[in-house]
Structures are given as structure tokens and as C-alpha cells.
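As a plain string of letters, each chain reads:
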Amino acid sequence: MVKICCIGAGYVGGPTMAVIAFKCPAIEVVVVDISVARIAAWNSDQLPIYEPGLEDIVTQCRGKNLFFSTEVEKHVSEADIIFVSVNTPTKTRGLGAGKAADLTYWESAARMIADVSKNDKIVVEKSTVPVKTAEAIEKILTHNSNGIKYQILSNPEFLAEGTAIQDLFNPDRVLIGGRETPGGQKAIQALKEVYAHWVPEDRIICTNLWSAELSKLAANAFLAQRISSVNAMSALCEATGADVTQVSHAVGKDTRVGSKFLNASVGFGGSCFQKDILSLVYICECNGLKEVANYWKQVIQVNDYQKNRFVNRVVSSMFNTVSGKKIAILGFAFKKDTGDTRETPAIDVCKGLLGDNANLSIYDPQVTEDQIRKDLSMRKFDWDNPIHLQPMSPTVMKQLNVVWDAYAATKDAHGLCLLTEWDEFKTLDFKKIYDSMQKPAFVFDGRNIIDEQKLREIGFIVYSIGKPLDGWFKDMPAVA
Ligand SMILES: NC(=O)C1=CN([C@@H]2O[C@H](COP(=O)(O)OP(=O)(O)OC[C@H]3O[C@@H](n4cnc5c(N)ncnc54)[C@H](O)[C@@H]3O)[C@@H](O)[C@H]2O)C=CC1
Ligand SMILES: O=C(O)[C@H]1O[C@H](OP(=O)(O)OP(=O)(O)OC[C@H]2O[C@@H](n3ccc(=O)[nH]c3=O)[C@H](O)[C@@H]2O)[C@H](O)[C@@H](O)[C@@H]1O
């Protein structure tokens, strides 16, 4: 029986391994982590992450050919194939701080693999890493090898949160990079056989190591660039009377452009887009490619601009101050169908409003109060380190109230900001909400999910990203 061990039981390691176990009953899969709490949660009824369809798969396989354990060394030493799916956050100090990927967790995993291995291993980079990381890993492993042979593969993950199971069941492609040596090709073949249990052969792409590593960074950069492009257009739409949804529909109808991923928003979030583009920028700079680095940097700058612009819309529309005013925040997760808040635009929007002394009342169907308080008190980039290394006690913030209902959040509020596109927000009783709010009552839709005309008829003053402006907003400053 082939044995797989995955180091890192997070958003990628957990779902990816659960699907491998589900699709390959003859393979034993053990997911290990240094976080005792996380492993305990994977072994309980309350999984550590919310992902549609995940619970069903985990409960079907757990205890049969899928295991979660803190006995990291034991399972690593027994495995034939070791996936490494640990954090690769942005460095916060030292060389490359604020840009370069921090490979501390990866390096410690590699050193541990070298320490405990007793037979030849295939080590798979599942984490997103800078191009050429495999070379560094290879050096760590071979310098500590005791005669054991290692093959390093790059097998980056392309799943998106909220649709992880769907994406894993039916991936656009699986990418495997390896050395162009007989040993490297044999290792590629071994991993290919795992995926071939359910992924059609023509969707399994095999490349050299560096192409695979770079393709992951490039894919995320291209995706984020689409959002920044449409968000840049949204500002111009507001200035000219064009409607961004009409513009992106018209542009996306061109089959060369395509219609997906063109929704204007308050900004993209998630643990990876910013981190991976910063990493790409740093790699370009290290290779003397200043113009290329500046090109990609702009994707992040537009994203920051978009979040600032949103905050400025809120504050400027309310007579230039939100001090002491109750603002309801509906949605805190970085997108719907996930409880993940890493790098969510809601953090920047809330911090911006708190900076102007607003009283916030926040509701998200999947995010806990503890998490929200932590996020709003955490330093930049801390969110992407392992949970047990993050700040423990969230700061007490008097201006902050977290509630478990959209109606409680909006009661007596002056304004309402929609920051995550949860389906339940589309069917709220906005008449009821309007009646319970202070007047004039404002709605700021950061996701373009509400029917602004209907809300205007109720009496709201409505701002929707990139849509023709309500008379109220004309001549008010909106730029950062
Ligand atoms: N979140 C996502 O949707 C995607 C993430 N990725 C990449 O996958 C990697 C992991 O991301 P996530 O799963 O989101 O992170 P995560 O933070 O959810 O999970 C990482 C886990 O690794 C554990 N860990 C860290 N060092 C360890 C060690 N030495 N030994 C054992 N366990 C260790 C941590 O405790 C944590 O539970 C990152 O490189 C990320 O860029 C790639 C595609 C999608
Ligand atoms: O490397 C990663 O971590 C993953 O990053 C993204 O996945 P994810 O961040 O989970 O979610 P997305 O659906 O890409 O959304 C990212 C952000 O962009 C925003 N977005 C997305 C699409 C859009 O049209 N407009 C828009 O503002 C979302 O609301 C969200 O805040 C990629 O889609 C995955 O392919 C990749 O594997």
C-alpha cells in the first residue's frame, strides 16, 4: 500500500488529502500538523475549516484510509510520498521584509524529513513557494541525507476556498514539475498515478521544476490582475456614469477575455493573492527586473486604492465624519462560503472606519467574534503564520460589537456596508432594515449584490461599486 503523509493540516493540506483518500481507497493518507488544536478539530465533528462538501468526505474516509495526527515524525518516516503544505507567509523582518516569502516553516519541515527518513522519499511542494525553492530544499535534504535518495516535485495547488472540493474533484489542471532525470521522471510518474485515479490524463501537466513553481505565482498574479483591472475601471465608471457590471459583461463576452473573475469589488482578499504577488515582485527585483516588478506591484496598489476609496465614500457621504456613528458591517470573510478572514478587505475597511472613530456592528455567518477581534488587532502579515504562533488574546475594542444577526447589526445604524457576498444578504428584508435605521440611511455595497433601484425606492441612499452614482454622492471626494 502506498503511504502518503502531508505536513500541514490547513486549508490546502486538509481538503486536498481528504480528496486523495476519497478517490484512492488503496492509498493510506495521514495529515500531520504541529498544531494540536487543529488536529483535534480534524478528528472531531467540528472541522477546523468551513468548506462545502468537506465534512461529508472526511467522515466517509476518516479512520479508514484518512488519518489526522500530531505524530509528525513517525508518519513522515513511514511515508513514500510526503506532501509539504505548510505556511509560506510574507517575511515581516530582515532581508526582503514585506515582500519575500518566509520559508522558515518549509525549511524546518525539510530538516525534519531529513532527520527521520530511513528510506527513499518523494517530497512534494504543495505550498506556494518562490521559484527555485526546490533547489534549496534539495540541498537541505541531500546534505543531511545519510545515503537516502530524495526526489523533489513541485505540485502547486489551484483550489479556491469555498469551492475547494469541487475544484479538487474536477480540476482545470494538475501541475507536476520534476527534475528532467530518470529519477525525476519516475517520481513524476508515481505522483501522476495518484491523480490519475480521477483526473483525466490530458489535464495532468508535467513540466520542469521551475516552470511548475513559477506557474503557480503567475496564475495567482494573472487572476488578481483581472480584479484590479476591473476595479480600476469601476473608479472610472463612477466618474463617468458608466456601469461596471455592463462594462465587464461586454468585455467578458470576448472569448479571448472570458467572463469569469471580472466582478468589481471592494478589493480582493484571501491569504494568497497579495502574498504571492509580493513574492513575485521580490523575485523580479532580485533578478534585476525592475520594470517587471513595478508592473505587478501595481496590481496590489490598485487593490489598496480600491479599499481606501470605499472607506472614503462612506466617510465623505456622511458629512465627512463617522465619529460616534453606528456602522453595520455585513460580511467579514474574504469571500462567501468560507470562514477564512486572512487578508479580507473587511479588515482594512473596518480599520479605516475605526480610525475615523465609528462604532462598528459586525455580522458574518461563519466568522467568530474572537477571530474578528484578533484580525482587527493583528499586525500586518501575522495572519498567515500557524495559528498557535498568532496573538492569543484579542484586544478589547470598545468601538466594536459583533452580533449574530444582520438585523441586530443594522438596528439604529447610520450606514450599512456589505463586504462579503453571502447569499443570505441578497434576501434580507431591506424594508425592515430601513425602518430600524437612523435617517438618512445609507447602504454601501462593496460586492454589487443588492438591487440598488429597489433599495432607493425604499428610501436608502445607495452606493454600489462602479455603478452610476446616487445624486447624494455627486461632487463628493472618492479618491484615496
Ligand atoms: N488557502 C488556499 O486556498 C491556498 C493556499 N495555497 C498555499 O498552500 C500553503 C498552505 O496554505 P494554507 O493551507 O492556507 O495554510 P494554513 O495556515 O491553513 O495551514 C498550514 C498548516 O501548516 C502547519 N505547519 C506549519 N509548519 C509546520 C511544520 N513544520 N510541521 C507541521 N505542520 C506545520 C500549520 O500549523 C498550519 O496548520 C501556502 O503556501 C499557501 O500559499 C495554495 C493554494 C490555495
Ligand atoms: O493560491 C491560492 O490561495 C488560491 O487563490 C485564489 O483562490 P481564493 O483566494 O481562495 O479565492 P478567489 O475566488 O480567487 O477570490 C480571491 C479574492 O478575489 C475576490 N474576487 C474574486 C473574483 C472577482 O471577480 N472579483 C473579486 O473581487 C474575492 O472576493 C476574494 O476576495 C485562486 O482563485 C486559486 O486558484 C488559488 O489556488
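Since this is a predicted model, take the numbers as computed values, not measurements. (Residues numbered from 1 in each chain as written. Chains lettered and ligands numbered in written order. Predicted model: local features only at pLDDT ≥ 70, side-chain atom pairs only at ≥ 80, totals over all residues. Heavy atoms only, no water.)

This part takes up the overall build of the protein chain. Helices and strands together make up the secondary structure of the protein chain, namely 17 helices and 14 strands. Here the C-alpha atoms of the protein chain give a radius of gyration of 24 Å, agreeing with the 23 Å that 2.2 N^0.38 yields for 480 residues. The principal-axis extents of the C-alpha atoms in the protein chain amount to approximately 75 × 45 × 45 Å. Residue burial in the protein chain is summarised as follows: out of 480 residues, 56% are buried. In the protein chain, once contacts between residues fewer than 6 apart in sequence are set aside, the share between residues at least 24 apart is 76%. On the protein chain, roughly 20600 Å² of surface is accessible, and the fraction owed to carbon and sulfur atoms is 53%. (Helix = DSSP H or I, 4+ residues; strand = E, 2+ residues; numbered from the N terminus. Rg over C-alpha atoms; globule rule 2.2 N^0.38 Å. Buried < 20%, exposed > 50% of the residue type's maximum accessible area, 1.4 Å probe, protein only. Contact = heavy atoms within 4.5 Å. Areas by Shrake-Rupley, 256 points an atom, 1.4 Å probe, with all protein chains shown as cover.)

Moving on, we come to the site of ligand 2. Around ligand 2 lies a shell of 20 residues, among which Phe-158, Leu-159, Ser-265, Cys-272 and Arg-447 are the nearest. Between an oxygen atom of ligand 2 and a main-chain N or O atom of Glu-161, the distance comes to 2.7 Å. Protein contact buries 89% of the 700 Å² of open area that ligand 2 shows by itself. It is helix H9 (residues 209–240) that contributes the most residues to the shell around ligand 2, 4 residues altogether. Here the shell around ligand 2 spans two domains, and each of domain 1 (3–199) and domain 2 (223–474) adds at least three residues to it. (Near = heavy atom within 4 Å. Polar contact = N/O pair within 3.5 Å; in protein donor to acceptor, adjacent residues only side chain to side chain. Domains from an automatic or database assignment.)

Once that is clear, we can look at the domain arrangement of the protein chain. For the protein chain, the assigned domains read domain 1 (3–199) and domain 2 (223–474). Relative to domain 2, the C-alpha centre of domain 1 lies at a distance of 32 Å. Residue-level contacts link 24 residues of domain 1 with 25 residues of domain 2. Where domain 1 abuts domain 2, roughly 2100 Å² becomes buried across the two surfaces, and 56% of that area is made up of carbon and sulfur atoms. When the area that domain 1 buries against domain 2 is broken down by residue, the three leading residues are Tyr-50, Lys-99 and Glu-161, summing to 30%. Residue Lys-99 pairs with Glu-285 through a salt bridge whose shortest N-O separation is 2.8 Å. There are 5 residue pairs in polar contact (both at pLDDT 80 or more) connecting domain 1 and domain 2. Classifying every residue of the side of domain 1 that touches domain 2 by side-chain character gives 12 nonpolar, 9 polar and 3 charged. (Buried area = accessible area lost by both parts, 1.4 Å probe. Salt bridge = Lys/Arg side-chain N within 4 Å of Asp/Glu carboxyl O. Nonpolar A, V, L, I, M, F, W, Y, C, P; charged D, E, K, R; others polar.)

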